[in-house]
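# Breakdown of the fold
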Amino acid sequence: MKICSALAAVAAVAIVALPAVGDAQSNASSQPVAYGADAVEYAPNRVILRGRAEATQGGNRFRADTLTLVSGDGGALERAEAAGTVYFVTPDQSMRGDRAVYNLGSGEIVVTGDVTLTQGRNVLTGSRLVYNINTETARMDGAPRGGAGSRVQGVFYPSGN
């Protein structure tokens with residue numbers, strides 16, 4: 001029973017630092033965090049959520065087949081790694097890919113694989129997205145030259161249409 005209590009405490013502390021995005025979410029980092037998975041593992045400096053893994057805070061949701069939360073020597077969360085079908089959803093945007101790494105220090109989420117960024121009806125696709133949650137800036141890259149689907153593609157709708 002001690003292991004279950006320790007695991008729950010470590011997971012709760014680790015996930016508290018999940019990203020808060022946008023003006024509407026400025027207080028999200030002080031909001032409670034909910035998480036769940038089919039299985040949870042604990043190892044030194046990491047908590048692994050497996051099977052329908054999800055963490056939510058405020059209006060933000062980070063979901064994947066596997067979420068690995070990695071802490072530094074001091075116990076503070078440094079990054080979250082997601083694998084499988086990955087979604088990071090805010091009230092305004094949705095990002096989907098095959099893998100993602102969120103670095104708390106830089107505020108960047110790097111999503112790779114078959115990547116889709118959606119905002120309203122606007123859609124952007126590519127193979128690598130770097131999104132900064134602090135500045136709300138994004139960069140989408142296509143596949144390496146000559147690779148399948150090597151271009152970034154998008155559909156944008158003017159306001160009011």
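Right above here is the structure, for reference.
Our subject in this report is the structure included herewith. Everything numeric here is computed off the predicted structure, so don't read it as measured data.

One ladder, built from eight bridges, connects strand β6 (residues 94–103) with strand β7 (residues 108–119); its direction is antiparallel. Residue pairing in the sheet places Tyr 102 in a bridge with Ile 109 of β7. Where β6 folds back onto β7 in an antiparallel hairpin, the turn is made up of four residues, including Gly 107, whose phi is positive at roughly 75 degrees. Where β7 meets strand β8 (residues 122–132), ten bridges bridge the pair, whose relative direction is antiparallel. Residue pairing in the sheet places Val 110 in a bridge with Val 130 of β8. Taking the residues between adjacent antiparallel strands as the criterion, β7 and β8 are bridged by two residues, where Gly 120 takes a positive phi near 60 degrees.

A few words on the environment of Asn 122. Relative to the assigned elements, Asn 122 resides in strand β8. Sequence-wise, Asn 122 and Val 155 are 33 residues apart; in three dimensions their C-alpha atoms are separated by 5.6 Å. For Asn 122, the residues in contact, after removing those within four places along its chain, are Leu 117, Val 155, Phe 156 and Tyr 157. A polar atom in the side chain of Asn 122 sits 2.7 Å from the backbone nitrogen of Tyr 157.

Our next topic: the packing of aromatic side chains. Using the criterion set out here, one finds one aromatic pair in the structure. Considering the side-chain rings of Phe 62 and Phe 88, the 5.6 Å spacing of their centres and the 80 degrees angle between planes classify their relative orientation as edge-to-face. Taken as a pair, Phe 62 in strand β4 (residues 60–71) and Phe 88 in strand β5 (residues 77–89) lie far apart in primary sequence, 26 residues in all. The buried category is assigned to Phe 88, whose relative accessible area is 3%. Sitting over the ring of Tyr 157, Arg 121 keeps its end group 3.8 Å from the ring centre.

Quick notes on the rules
Residues numbered from 1 in each chain as written. Predicted model: local features only at pLDDT ≥ 70, side-chain atom pairs only at ≥ 80, totals over all residues. Heavy atoms only, no water. Pairing = 2+ DSSP bridges. Helix = DSSP H or I, 4+ residues; strand = E, 2+ residues; numbered from the N terminus. Contact = heavy atoms within 4.5 Å. Polar contact = N/O pair within 3.5 Å; in protein donor to acceptor, adjacent residues only side chain to side chain. Phe/Tyr/Trp six-rings, centres within 6.5 Å; stacked < 30°, edge-to-face > 60°. Buried < 20%, exposed > 50% of the residue type's maximum accessible area, 1.4 Å probe, protein only. Lys NZ or Arg CZ within 6 Å of the ring centre and 35° of its normal.

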